[in-house]
Amino acid sequence: MDTSVLIQTFIAVFVLADAVGNIPIVLILTKGKTPEERNKVIDKAIIVAIAVLLLFAFTGQIILNYLEISMGSLRVAGGLLLLLIALQMLRGELDTPIVEEGRDVAITPLALPLLAGPGTLTTVMLLMSKTQSPHISVLVGIVGAMLVTWLILRFCNYIDKWIGAEGEVIITQLLGFILAALAVEIGSVGIRELFLR
């Protein structure tokens, strides 16, 4: 096992997953759910994120090449998805539980693209090609980082009790604006990759 690659993978995946920054978004997307239901959403999101990261680490470049999808296209798609969520937040359309709309927020947008976004997918693919045999190191780094992320996200139930209903409204509007900016940034990087190279 390559300790250097393991540490690089752990740090990169943990930082890009941004568990602390995603806590308010988890609260907003799981509004109206009980703490137990919220925990189930978090558990599922982490499992899906780990599965997608491992899939991309081992076969990502092959899949993208086969489907003729560039990382730029992946970034643009991720940015558009986040922008749609941000617009819903700004218009107050996330005040009712998402379950009523028949959507599984654990998969999108929590697992994809928030926890396992284009940046994270690109990073794990690059780390896999860094040395001759990085497979175990990258695998352990991904799982370790996502387990720490899972532990942090589980604290969102306590934060929910602390901020209250009025705090949720303020945070929803503020984060909607920030998430929109993040979505534009992700999308613009993809557009530059697609058209300015």
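Here the structure is a predicted model, which means the values were calculated and not measured.

Undergrad: So what's going on with the packing of helix H4 (residues 71-90) against helix H6 (residues 118-128)? Residues and values would help.
TA: Running from amino to carboxyl end, H4 crosses H6 at an angle of 150 degrees, the nearest separation of the two axes being 9 Å. The angle between H4 and H6 places the two elements in the roughly antiparallel class. Contacts from Met71, Leu74 and Arg75 of H4 reach H6 at Pro118, Gly119, Leu121, Thr122 and Met125.

Undergrad: Any chance you could break down helix H3 (residues 35-67) for me, citing the residues and the numbers?
TA: For H3, built from 33 residues, the straight-helix expectation of 48 Å at 1.5 Å per residue is missed by more than 12%, its first-to-last C-alpha distance being only 40 Å. Roughly 80 degrees is the biggest bend found in H3, and it falls at Thr59. A positive phi of about 55 degrees marks Glu68, the residue just after H3.

Undergrad: Help me get a handle on a nonpolar patch on the surface, residues and values and all.
TA: A grouping of Leu84, Leu87, Leu90, Leu174, Phe177 and Ile178 is seen on the molecular surface, where their side chains present a nonpolar patch of about 580 Å² in accessible area. At the level of secondary structure, the elements contributing two or more residues to the nonpolar patch comprise H4 and helix H8 (156-195). Turning to its location among the elements, Phe177 is positioned in helix H8. According to the relative accessible area criterion, Phe177 is exposed, its value standing at 58%.

Thresholds applied
Residues numbered from 1 in each chain as written. Predicted model: local features only at pLDDT ≥ 70, side-chain atom pairs only at ≥ 80, totals over all residues. Heavy atoms only, no water. Axes fitted to C-alpha atoms, helices over the stretch in contact; angles between N-to-C directions. Helix = DSSP H or I, 4+ residues; strand = E, 2+ residues; numbered from the N terminus. Parallel < 35°, antiparallel > 145°, perpendicular 65-115°, else oblique. Contact = heavy atoms within 4.5 Å. Expected span 1.5 Å × (residues − 1). Bend = angle between axes of the 7 residues up to and from the residue. Patch = residues over 30% accessible without salt bridge, like charges linked within 9 Å, V, L, I, M, F, W, Y side chains within 5 Å. Areas by Shrake-Rupley, 256 points an atom, 1.4 Å probe, with all protein chains shown as cover. Salt bridge = Lys/Arg side-chain N within 4 Å of Asp/Glu carboxyl O. Buried < 20%, exposed > 50% of the residue type's maximum accessible area, 1.4 Å probe, protein only.

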